[in-house]
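An overview of the molecular structure
One letter stands for each residue in the lines below.
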Amino acid sequence: MNARDRRRLLLGLLAAAAGQALPARAQGFDLQALMQGMAARKSGQARFTEERIVHGVEGPLTSSGTLAFTAPDRFERHTLHPVKESMILEGQSLVLRRGDRTRRTELDAIPELGALMAALRATLGGDAAQLQKHFRATLAGTESRWVLRLVPLDAGLARQLSQIEIVGRANDLHSIALQMQGGDRSLMLIEPLDSPSRAAQ
Amino acid sequence: MTAGPTTRPRSVPVLLIWLALVLLAALQIARTPFTADLGVFLPAAPDARQRLLIEQIHSGVPARTLLLAIEGGDAVARAQASRELAAALRASGLFDQVSNGDQEGFAGFGQWLLEHRYLLSPAVRPERFTAEGLRDAIAEATSLLGTPAGEAIKPLLPRDPSGETQRIAEALVPARTPRSEAGVWVGRQQPRAVLMATTHAAGADTDAQAVAIATARKAFEPAAARGLALRISGAPLFSVESRARIQSEVQRLAVAGTVVMSSLLLLAFGSIKAFAAAALPVATGVLGGIVAVSLGFGSVHGMTLGFGSALIGESVDYAIYYLIQSRRGADDPSGAGRGWLSWVRTSWPTVRLGLLTSICGFTALLWSDFPGLAQLGVFSVAGLVTAALTTRFVLPALQPDGAGGSALSRRLGMTAVWAIPRLPRLRLPVLALAAVAALLLWRSDGLWRADLASLSPVPQEQLAFDEALRADLGVGEGGTLVVVQGPDVETTLQRAEAASDRLEELIDNGTIGGFDSVTRLLPSLRTQRARQAALPPPTQLRAALDAATQGGPLPAARLAPFLDEVEAARHAALLTPASIAGSAVAPTVDALLLRRADGSAAALLPVTPVTRSGIDARAVGQALQGVPQTQVLEVGDELRTLYARYLGEAQAQALLGALAVVLLMGLSLRSPRRLLAVCQPLLLAVLLTMGALAALGIQLGILHLVGLLLVVAVGSNYALFFDMLHESGDERVDTLASLLLANITTVASFALIWSSKLPVLSAIGSVVAPGALLALLLSAVFARRRAPLAPADNARA
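Residues numbered from 1 in each chain as written. Chains lettered and ligands numbered in written order. Predicted model: local features only at pLDDT ≥ 70, side-chain atom pairs only at ≥ 80, totals over all residues. Heavy atoms only, no water.

1. Details of the overall build of chain A
Scanning chain A from N- to C-terminus turns up six helices and 11 strands. Per-residue burial for chain A yields a buried fraction of 55% across its 201 residues. Within chain A, counting contacts between residues at least 6 apart in sequence, those at least 24 apart form 47% of the total. If you sum the accessible surface of chain A, you get close to 8200 Å²; carbon and sulfur atoms cover 49% of it. (Helix = DSSP H or I, 4+ residues; strand = E, 2+ residues; numbered from the N terminus. Buried < 20%, exposed > 50% of the residue type's maximum accessible area, 1.4 Å probe, protein only. Contact = heavy atoms within 4.5 Å. Areas by Shrake-Rupley, 256 points an atom, 1.4 Å probe, with all protein chains shown as cover.)

2. Observations concerning the overall build of chain B
When its secondary structure is counted, chain B shows 32 helices and 13 strands. Whereas a compact globule of 797 residues would reach a radius of gyration of roughly 28 Å, chain B reaches 35 Å, over 25% beyond that. In terms of overall dimensions, chain B has a C-alpha envelope of 125 × 50 × 50 Å along the principal axes. By residue count, 56% of the 797 residues in chain B fall in the buried class. Taking the contacts inside chain B whose residues are at least 6 apart along the sequence as the reference set, 81% of them involve residues at least 24 apart. Surface summary for chain B: the accessible area is close to 31800 Å², and the carbon and sulfur share equals 61%. Each charge class in chain B was averaged separately, 66 positive and 62 negative side chains, and the resulting centres sit 12 Å apart. (Rg over C-alpha atoms; globule rule 2.2 N^0.38 Å. Lys, Arg positive; Asp, Glu negative; His and termini not counted. Charge placed at Lys NZ, Arg CZ, Asp CG, Glu CD.)

3. Looking at the packing of helix 9 (residues 206-219) of chain B against helix 11 (residues 235-269) of chain B
Residue and element names in this part refer to chain B. The interhelical angle for the contact between helix 9 and helix 11, taken along N-to-C directions, is 110°, at an axis separation of 9 Å. Accordingly, the angle class assigned to the pair helix 9 and helix 11 is roughly perpendicular. From helix 9, Thr-206, Asp-207, Gln-209, Ala-210, Ile-213 and Arg-217 reach across to helix 11, where they touch Pro-236, Leu-237, Ser-239, Val-240 and Arg-243. For the contact of helix 9 with helix 11, the residue count by class is five nonpolar, three polar and three charged. (Axes fitted to C-alpha atoms, helices over the stretch in contact; angles between N-to-C directions. Parallel < 35°, antiparallel > 145°, perpendicular 65-115°, else oblique. Nonpolar A, V, L, I, M, F, W, Y, C, P; charged D, E, K, R; others polar.)

4. Topic: the sheet that holds strand 5 (residues 93-98) of chain A
All names here are of chain A. Taken in spatial order, the 11 strands make up an open sheet running 6-5-4-3-2-1-11-10-9-8-7, and their pairing is antiparallel. Both outer strands of the open sheet, strand 6 (101-106) and strand 7 (135-142), are each paired with one neighbouring strand and no more. In this sheet, neighbouring strand axes are inclined to one another by 15° on average, regardless of whether the strands run parallel or antiparallel. Sheet topology note: the strand 9 (residues 161-169)/strand 10 (residues 172-180) ladder contains eight bridges and is antiparallel. When the bridges of strand 10 are listed, Gln-163 appears paired with Gln-179. (Pairing = 2+ DSSP bridges.)

5. Concerning the interface of chain A and chain B
Across the contact, 42 residues belong to chain A and 53 residues belong to chain B. For the pair chain A and chain B, the two sides together bury roughly 4500 Å², of which 55% comes from carbon and sulfur. At the junction of chain A and chain B, the tally comes to six salt bridges. A salt bridge links A:Arg103 to B:Glu504; the nearest nitrogen and oxygen atoms lie 2.9 Å apart. Those elements giving two or more residues to the side of chain A that touches chain B turn out to be helix 1 (3-15), strand 5 and strand 6 of chain A. (Buried area = accessible area lost by both parts, 1.4 Å probe. Salt bridge = Lys/Arg side-chain N within 4 Å of Asp/Glu carboxyl O.)

6. Description of the nonpolar core
If you look at the biggest cluster of nonpolar residues, it comprises 132 residues, and the most contacted ones within it are B:Phe269, B:Phe307, B:Met665, B:Ile702, B:Phe722, B:Phe750 and B:Ile764. The biggest single contributor to this core is helix 29 (residues 702-728) of chain B, with 17 residues. In this structure, A:Leu34, A:Leu96, A:Ala128 and A:Met180 belong to the second largest nonpolar core, which totals 41 residues. (Core = buried A, V, L, I, M, F, W, Y, C linked by side-chain atoms within 4.5 Å.)

7. Side note on the pattern of salt bridges
This model, assessed by the stated rule, comprises 35 salt bridges over all chains. Ionic pairing is found between A:Glu191 and A:Arg47, a salt bridge with its closest N-O pair at 3.6 Å. Taken as a pair, A:Glu191 in strand 11 (residues 185-193) and A:Arg47 in strand 1 (residues 43-53) lie far apart in primary sequence, 144 residues in all. When its relative accessible area of 45% is taken as the criterion, A:Glu191 is described as partly exposed. In this structure, B:Glu170 and A:Arg98 form a salt bridge, with 3.6 Å as the shortest nitrogen-oxygen distance. Here B:Glu170, found in helix 8 (residues 164-171), pairs with A:Arg98, found in strand 5, and the two come from separate chains. Accessibility classification places B:Glu170 together with A:Arg98 in one group, the buried group. Salt bridges here are not isolated pairs; linked through shared partners, they connect A:Glu85, A:Arg98, A:Arg101, B:Glu140, B:Arg167 and B:Glu170.

8. With respect to helix 18 (residues 427-443) of chain B
Residues and elements named next belong to chain B. For helix 18, spanning 17 residues, the distance from its first C-alpha to its last is 24 Å, which sits close to the expected 24 Å at 1.5 Å a residue. Along helix 18, the residues classified as buried are Val-430, Ala-434, Ala-437 and Leu-441. Seen end-on, helix 18 carries its buried residues on one side only, within an arc spanning 60°. Among the exposed residues of helix 18, those oriented more than 90 degrees off its buried face are Leu-428, Trp-442 and Arg-443. (Expected span 1.5 Å × (residues − 1). Arc of directions from axis to C-beta.)

9. So, the packing of helix 6 (residues 131-141) of chain B against helix 22 (residues 538-549) of chain B
Residue and element names in this part refer to chain B. Running from amino to carboxyl end, helix 6 crosses helix 22 at an angle of 55°, the nearest separation of the two axes being 8 Å. Taken together, helix 6 and helix 22 sit at an angle that is classed as oblique. Handedness of the crossing formed by helix 6 with helix 22: right-handed. Every residue of helix 22 that contacts helix 6 at Ala-131, Leu-134, Arg-135 and Ile-138 is listed here: Leu-541, Ala-544, Leu-545, Ala-547, Ala-548 and Thr-549. Split by residue class, the contact of helix 6 with helix 22 holds eight nonpolar, one polar and one charged. (Left-handed = near helix turned anticlockwise from the far one by under 90°.)

10. Re the confidence of the model for chain B
Residues and elements named next belong to chain B. When the pLDDT values of chain B are averaged, the result is 84; 90% of them are 70 or greater. Note on residues 1-6: pLDDT is under 50 here. Beyond four places in sequence and across chains, it has 12 contacts. In this model residues 787-797 is a low-confidence stretch, pLDDT under 50, and it forms 11 contacts with partners more than four residues away in sequence or in other chains. The ipTM assigned to the predicted complex is 0.77, against a pTM of 0.71. (pLDDT = per-residue confidence, 0-100.)

11. Re the packing of aromatic side chains
The geometry of an aromatic ring pair is captured by two quantities: the separation of the ring centres and the angle between the planes. Residue and element names in this part refer to chain B. Counting across every chain of the model gives four aromatic pairs over all chains. Ring geometry for Trp-343 against Trp-348: centres 5.9 Å apart, planes inclined by 45°, an arrangement best described as tilted. With relative accessibility at 1%, the residue Trp-343 sits in the buried group. Among the residues examined, Trp-348 registers a relative accessible area of 11% and is labelled buried. Feature note: the residues Tyr-322, Trp-343 and Trp-348 constitute an aromatic cluster, connected by ring pairs. (Phe/Tyr/Trp six-rings, centres within 6.5 Å; stacked < 30°, edge-to-face > 60°.)

12. What to know about the pairing of strand 1 of chain A
Residue and element names in this part refer to chain A. Side chains of strand 1 alternate between two faces, with Gly-44, Ala-46, Phe-48, Glu-50 and Arg-52 buried and Ser-43, Gln-45, Arg-47, Thr-49, Glu-51 and Ile-53 left unburied. Where strand 1 meets strand 2 (residues 61-70), 10 bridges bridge the pair, whose relative direction is antiparallel. Each residue of the ladder has a partner; that of Ser-43, found in strand 2, is Thr-70. Two strands pair when backbone bridges link them, and strand 1 and strand 11 are joined in this way by nine bridges, in the antiparallel orientation. Each residue of the ladder has a partner; that of Ala-46, found in strand 11, is Pro-192.

13. Structural notes on the side chain of A:Arg104
Along the chain, A:Arg104 falls in strand 6. It is B:Asp508 that comes nearest to the buried, bridge-free A:Arg104 among opposite-charge side chains, at 6.9 Å. Within the structure, the side chain of A:Arg104 is placed 3.1 Å from the backbone oxygen of B:Ile507, a separation counted as a polar contact. Setting aside its immediate chain neighbours within four residues, A:Arg104 contacts A:Leu94, A:Val95, A:Arg97, B:Pro174, B:Ala175, B:Ile507, B:Asp508, B:Asn509, B:Gly510, B:Ile512, B:Gly513 and B:Val610. (Polar contact = N/O pair within 3.5 Å; in protein donor to acceptor, adjacent residues only side chain to side chain.)

14. What to know about the pairing of strand 2 (residues 65-71) of chain B
Put simply, side chains in a regular strand alternate between the two faces of the sheet. All names here are of chain B. For strand 2, a buried count of seven out of seven residues is recorded, marking the element as mostly surrounded by other parts of the structure. Residues Thr-65, Leu-67, Ala-69 and Glu-71 point to one face of strand 2 and Leu-66, Leu-68 and Ile-70 to the other, with burial holding for every one of them. Pairing geometry for strand 2 and strand 6 (residues 192-199), over seven bridges, is antiparallel. Looking at strand 6, one finds that Leu-66 is bridged to Ala-197. Here strand 2 runs beside strand 7 (residues 229-233); their pairing, made up of five bridges, is antiparallel. Paired with Ile-70 across the two strands is Leu-230, which belongs to strand 7.

15. Focus: the state of the cysteines
Residue and element names in this part refer to chain B. Inspection of every chain in the model, using the stated rule, returns zero disulfides over all chains. No disulfide involves Cys-679; its sulfur sits 12 Å from that of Cys-360, the nearest cysteine. Exposure remark for Cys-679: the relative accessible area of 18% places this residue in the buried category. (Disulfide = S-S within 2.5 Å.)

Rendered as structure tokens:
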């Protein structure tokens, strides 16, 4: 097996995916408060559109699809355009589908992916400790518009990824931006879909 | 040999013949290789798919893969040590493949995939290279750009815009991989770095494996100096250590056996000369056994020698019988030098019958499908015959009047004389115990255990460590294996491709987690040709590419290398096992494709379950229905089934052996009453021994069965002697003394191998030592009653 290609492939699939919208009630606004708000939400679904700007490639690369999160650790990303592919993560197990092919593997075999995944699931699940295990997290802004900046602590991941920037309002995520070390970047815009807990608000 | 009733034995010719034979035997032994491999306790001639399994265990990649663990220190120190060790092992040239999770180790592999992508990628079909197909392919290939994975893909795009390399890599994603930390593989449960190293040398080449292990230990010395520890496991280590263990055990048993036996004989005879005479048949017997095994098998296994030391205990019996019993003749009026004649007349028929019954018992082993057990059988039969013949013909030449016993042996005889009339009182208690034993055996469910591990000389604790490492590395020793066979490599690969297609569907529907297949690295020639034919000629490809890249992210102008490489691939030589020899993928291909000398081949497709669940082998088998010569093997289950079948066969053989013993005795005793009297103690001895093992919760395997057979074979000697005593009515003290002494030596020698650290030997010993003792005791308990003995007639001092 080609470990490098495999690892990068998985990492990419995942890194390109992030976020969803979550409602919350917040008082004094800091990371702890944000996380508490996030933790209140048990599941959510969203539509996303993604733009990637890659050095050496003409024009932005765009894609779109849906995201879903179910506490504590299930995360799905279904890309519908331009090619159908999906990624389903549950605990340590990872299922990838591209076209008509399915691959199953384990998350802890790919530590960079594990860290990215931790960022995502910890943010969505409101687990500050888990988040801070893998990233230096700084929160700016107010509850009505906050920016969570994550800088990877893992050296392997840091060589590739310089930072993740998540923008949101209350416990809704609006966008996730990945900034790569080489200057490439991606921006995912998130539009929440109605879900039971949201409707109940 | 016949000797006239009044002549002395023809000493000189007999001794010369004996000496010549011993010299010949020594010559044969001098050119006999001695082995210690573990394969002899795997069955020899199973059916086709089991042969494959055994083939795998003997010589497959698992047989030459070392599992290494680095413990101590912190994660960073262990990762550094892992990299250093892997580099040193790779540089040593002794290993085909060294994997520690370090990506650098796979650089050659990735480069090879890139170079041969148009023969390997399952996506290479005619429609892939149309304008529409290329547009989709480029969209998919660029979907990872702008992510960490993009860094690896970007430089490849001008050569591989349709993403064939990604497509191949994706297919190779393993379902179960080791955890990775600080860039190397680490344990999931314990803090340790883990590595795998497959030696170039065959698994059966124990010397080469020992060198490989020593190389690893030496390479680790700098890290050991920093406080880290290297632990090694895997089949090569087991064979190397087992060989050492077997060698040291055999030496220990030989020394201990000699010391114990010598002390007993010296105590019993009180004379060096008699002791030397008693040792002669034993030594000759051991020589005879080794020569027979060497002639029959071409080599002698260390385990056979270890067992041989137990056989000393039985063959020394003949010498004891002769030396003690032929003494009586010296008191005869017919004069000195004739003791041997009366022994030949009175006792030899009984000894001969005992010998024949023993041979009957051991002969059952000759048909064993375990080469190891067959060796024990040949060794025993040849050894006993040689020892008995030496006793019969050589001992009279040396000690025509036997040997005077010591005070001890007379006391033994007197004790027996005192005990024998009293022993029958034990009949009721013994019968009651036997009834309890029978009930116990009847009620117990798991009496017989079908488990190959019971034969393994590897300590339990090491097996547990091995299992933990295998879990970390995601390489099961057992697991599920789809085996596809064919008369030649091409047919096998085509069938493996068909099987792979079916297995892909099982991944989609979640029945299995994944699988490996050689066809991902070495497709059939048919598939390679089809892929080559799907590649369009340059002008056509250029036109399609121009259309496909219009307004897309990759301008056609940058994709000139793609056009060139597709054109090159159209004319590239196809991949064959010969052409990939020596390349980075060769070890993987060799592991998954077995090529036999006759040209036939077998592809192995290891199947991985969905995380933390089992595999429904029936569903896999159903999905594969219709693919020729394709089977699902569940390695653990298969081995258990195999062993269970051999256990069943061995039980049948043992019963036949026992039946032959009874028949033989019946033929020669010619009296149902006498036969019953002889069989009764044997049956009870077997029953009580089995009952005791069952009561102790010890499950019985093939080796215990061998032991029970030996109890019958050895015990029949005692029962026959009691029968002879009853019939002839004289010679009590000496005969009893010799019987008791013979029994003590037998029990002592089997008790010695009972104490062995080798399960094979200790299992046999655990049955024979108590069984033989019981056989003698019960023979006395159930001896037919006679008129009370008059001490004056018998206690000759």
